[in-house]
Amino acid sequence: MVPKIKIITVLLCMLAVILLYKVTIKENAFNLRTLFFPAKISPEDLLYAGNGIMFVETTDRMDPPHLVLCSIESAARVYPDRPVAFFMKGLTDINSAEDEVKPRMSYPTLLSYDNIYFFPLRMNELLNNTPLMPWYQKVNPKTEIYWNHVSSDACRLALIYKYGGLYMDTDIITFRPVPEKNFLAAEEPQMTGSAVLAFTPHHTIVWQFMEDFVNSYDGTIWGQQGPFLYNRILNKFYCKVPPFKGQEDIMCGTILFLNIERFFPVPVIQWKRFFEVCEKLPTFNNSYALHLFNYANRKDRKVMVPGSNTMVELLYKKYCPNTYQAVLGKKPTYLKYVP
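Residues numbered from 1 in each chain as written. Predicted model: local features only at pLDDT ≥ 70, side-chain atom pairs only at ≥ 80, totals over all residues. Heavy atoms only, no water.

Asks: Quick rundown of the overall build of the chain? Include the residues and the values.
Replies: Within the chain, the secondary structure is distributed over 12 helices and 10 strands. When burial is assessed residue by residue, the chain has 52% of its 339 residues classed as buried. Within the chain, counting contacts between residues at least 6 apart in sequence, those at least 24 apart form 75% of the total. When the accessible surface of the chain is split by element, carbon and sulfur atoms take 57% of a total near 16,800 Å². (Helix = DSSP H or I, 4+ residues; strand = E, 2+ residues; numbered from the N terminus. Buried < 20%, exposed > 50% of the residue type's maximum accessible area, 1.4 Å probe, protein only. Contact = heavy atoms within 4.5 Å. Areas by Shrake-Rupley, 256 points an atom, 1.4 Å probe, with all protein chains shown as cover.)

Below, the structure is given as structure tokens:
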């Protein structure tokens, strides 16, 4: 009898330790970085498996709009077992676990997600050993009309080529996991978008994209290094992109071309629908995520307003609840980053 009591006691103690451990992990997830990574975490350490979700900020700002934080939060919720990496130009170099924790502490709404990581965006390092490097060494950002967008176009290609994974713009709200690992997504009939793409590391088509980026470069044409580039390569090497007959995805040669419904169920010409009163959020059953076309909104500068009963408010409530609660309570979504 005594041995049984001892065994039960030991098991109960072990259970208590496990529960305490889980609670501690949830409340202090960022401390694990210091425990398991005494040195800095590099993108190579984290994204080597081609399993990452990647976002890019090509301006120096460290206080992004809450739509950016909503986008990252929604991805972290949908992909809890995958690293979500945010590459920021304004972030100082990370040389220790302490450096890695500091940017996390700057974004309270993201702090509870232990799969979110922040990395400095250094184009001279990222573009090295790719066809993009000679272009970068010659281009003058000060004379470029669309530099932030063009540099983002370059960075996403280099990231996808080197690490593989899923890239998304920071105005995309994620609903559910994408089951595909290699794809381009249609934004319009027979026209791919550049706001989202996914490929395994060192994929041939991404190398072709980078080569065409340089060979056909024209910084005065919007989309020349984005959607137009992708379509040029598809039509030249893979297939003349056919129209969709319904809501099916199609193969363009060896490349999967996702239906418009997957990420762009609301077309760009209707982007103001996001900020109109909406009694009930559409189900978007055929979509993995929703692109809010922040570029189209650059002049109006509409934002999510709590209590407005708009579609964007309903999206925030459901898919980025931490960010929504912070905006609702007028709490800071950004605390000054001190290197």
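Asks: Lay out the sheet that holds strand β4 (residues 165-168) with the relevant residues and their values.
Replies: Consider a sheet: its strands pair through backbone hydrogen bonds, and that pairing is either parallel or antiparallel. Read across the sheet, 8 strands follow the order β3-β2-β1-β4-β7-β6-β9-β8 without closing on themselves; strand pairing throughout is mixed. Among the strands making up the open sheet, the edge pair consists of β3 (116-120) and β8 (250-252). Taking the axes of each pair of neighbouring strands and ignoring which way they run, one obtains an average angle of 30 degrees across the sheet. (Pairing = 2+ DSSP bridges. Axes fitted to C-alpha atoms, helices over the stretch in contact; angles between N-to-C directions.)

Asks: Explain the packing of aromatic side chains to me, using residue names and the numbers behind them.
Replies: Scanning the model with the defined rule gives 20 aromatic pairs in all. Between Phe183 and Phe263 the ring centres are 6.0 Å apart and the planes differ by 15 degrees, which places this aromatic pair in the stacked class. Highlighted residues: Phe183 in strand β6 (residues 183-188) and Phe263 in the loop between β9 (255-258) and β10 (289-291), separated in sequence by 80 residues. Phe263 matches Phe183 in its accessibility class, with the two residues each being buried. With a centroid separation of 6.0 Å and an interplanar angle of 35 degrees, the aromatic rings of Phe264 and Phe293 are classed as tilted. Linking Phe264 in the loop between β9 and β10 with Phe293 in the loop between β10 and α11 (311-319), this pair joins segments that are 29 residues apart in sequence. With respect to class, Phe264 is no different from Phe293; both count as buried. Through successive ring pairs, a cluster of aromatic residues spans Trp135, Tyr136, Trp147, Phe213 and Tyr217. The positively charged end of Arg298 is found above the aromatic ring belonging to Tyr295, 3.9 Å away from the centroid. (Phe/Tyr/Trp six-rings, centres within 6.5 Å; stacked < 30°, edge-to-face > 60°. Lys NZ or Arg CZ within 6 Å of the ring centre and 35° of its normal.)

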